[in-house]
Each structure stands twice: as C-alpha cells, then as structure tokens.
Amino acid sequence: MSITIPLLLAVAACVAQNGAPKSANALPPTASPAPIAESGAPPASLLSPTPAAMPAAPPTKTITDLTAPRSSVGMATYRCGNGGTIAIQNLGNALRVVRPDGTTEEFAASPANQNSRYQEAATHDAIVIDGREALVMKRGSTPQTCKR
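Computed from a predicted model, the values in this text were never measured in an experiment. Residue numbering note: each chain is counted from 1, following its sequence as written. Per-residue local features of the predicted model are confined to residues with pLDDT of at least 70, and side-chain atom pairs are confined, for both listing and counting, to 80 or more; whole-chain, interface and lining totals are unaffected and use all residues. As a rule here, side-chain values cover all heavy atoms of the structure and leave hydrogens and water aside.

(A) Looking closely at the nonpolar core. Put simply, buried Ala, Val, Leu, Ile, Met, Phe, Trp, Tyr and Cys residues joined by side-chain atoms within 4.5 Å make one nonpolar core. Three exposure classes are used, based on accessible area relative to the maximum for each residue type with a 1.4 Å probe and protein chains only: buried under 20%, partly exposed in between, and exposed over 50%. Ranked by size, the top nonpolar core spans 15 residues in total, and within it Tyr-78, Ile-86, Ile-88, Leu-95, Ile-127 and Ile-129 carry the most contacts. When residues of this core are traced back to their parent elements, those giving at least two are strand 1 (75–80), strand 2 (85–90), strand 3 (94–98), strand 4 (104–109), strand 6 (126–130) and strand 7 (133–137). Note on contacts: a residue pair qualifies if any of its non-hydrogen atoms lie within 4.5 Å across the two residues. Ignoring any residue separated from it by four or fewer positions in sequence, one finds Tyr-78 in contact with Gly-84, Thr-85, Ile-86, Ile-88, Ile-129, Arg-132, Glu-133, Ala-134, Cys-146, Lys-147 and Arg-148. Here a strand is any run of E in DSSP of at least two residues, a helix any run of H or I of at least four, and the numbering for each starts at the N terminus.

So this is what it looks like as structure tokens:
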C-alpha cells in the first residue's frame, strides 16, 4: 500500500485538471477544427485548399549527356607563356584546340579512361590539363604553360 500512494501522487501531478497531460498543455494551441455547418456539409475552406496547403511539385531533375559533343560548351581561352593564345574545347573524351589562325587539332584522352592527359595521334603532341592551367607539349619545342 505504501508504494501505491506515491505512484498515484506522481500520476496525478502529470495530469492536468482537464485530463490532458501537462506536457500537452505546454505547447501553443493549434488551430481549432472548423465548425461543421448546420447543413452537415464541410465548410468551403476544406473543399478548396489554399496554395500553402497544396503539396509542392517535385524538383526538376536535369540529366546531362556528357558523351555527346558540345558546340561551344566547355570552350576556354588560355594565354600562353610565348604571348599567344589557344582556345580549348572539352568534347568529353577528347579536346579540340583552336589556334589563333583558326586551325584546329583534336587530342584524344590518353589513356582513354581519364580526363587530364590528351595526345594527338599523328604528331604525338600532347596537352595536360591541371585546374586552370594547360601544359602544351609539341614535338621539337619547349613545353609551354598556358593559363585561363
């Protein structure tokens, strides 16, 4: 009997006068339910939801095909140590280099499974891309560092 009395006092302390737990009384009151009209039909506010009550549309997902050649996307201009400039276009698995005179060369990724080292097959010229720098190596010439 002596264990029952403290237990009942503890339960009574947690229950408010209206029968709801005290922790529920600590929360701010929420909107009370709208009264139902005399006709028994729900109020108009329940029939037409407000924009805030409507669920948000799912975000749009953009899918980019990185294997497709791009016309001008990925084009960057580099200033080289000799005072010249080159434009390099990233084609995904290759680079297209456009020289100031308008001539172009394509460099394939070498080896094919990476995207920083490229080599031109016929001349064995090479380009290494490292961040905002491109190291341009041409056979018979000193390598040149070009910066974006």
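(B) Focus on the environment of Gly-140. Note that Gly-140 resides in the loop between strand 7 and strand 8 (144–147). Through-space distance from the C-alpha of Gly-140 to that of Asp-125 is 9.7 Å; in sequence the pair is 15 residues apart.

(C) Here's a closer look at unusual backbone geometry. Residue Pro-111 follows Ser-110 across a cis peptide bond; omega there is 0°. Among the structural elements, Pro-111 can be located in the loop between strand 4 and strand 5 (117–119). Even without a glycine there, the phi angle at His-124 is positive, about 65°. Mapped onto the elements, His-124 comes out in the loop between strand 5 and strand 6.

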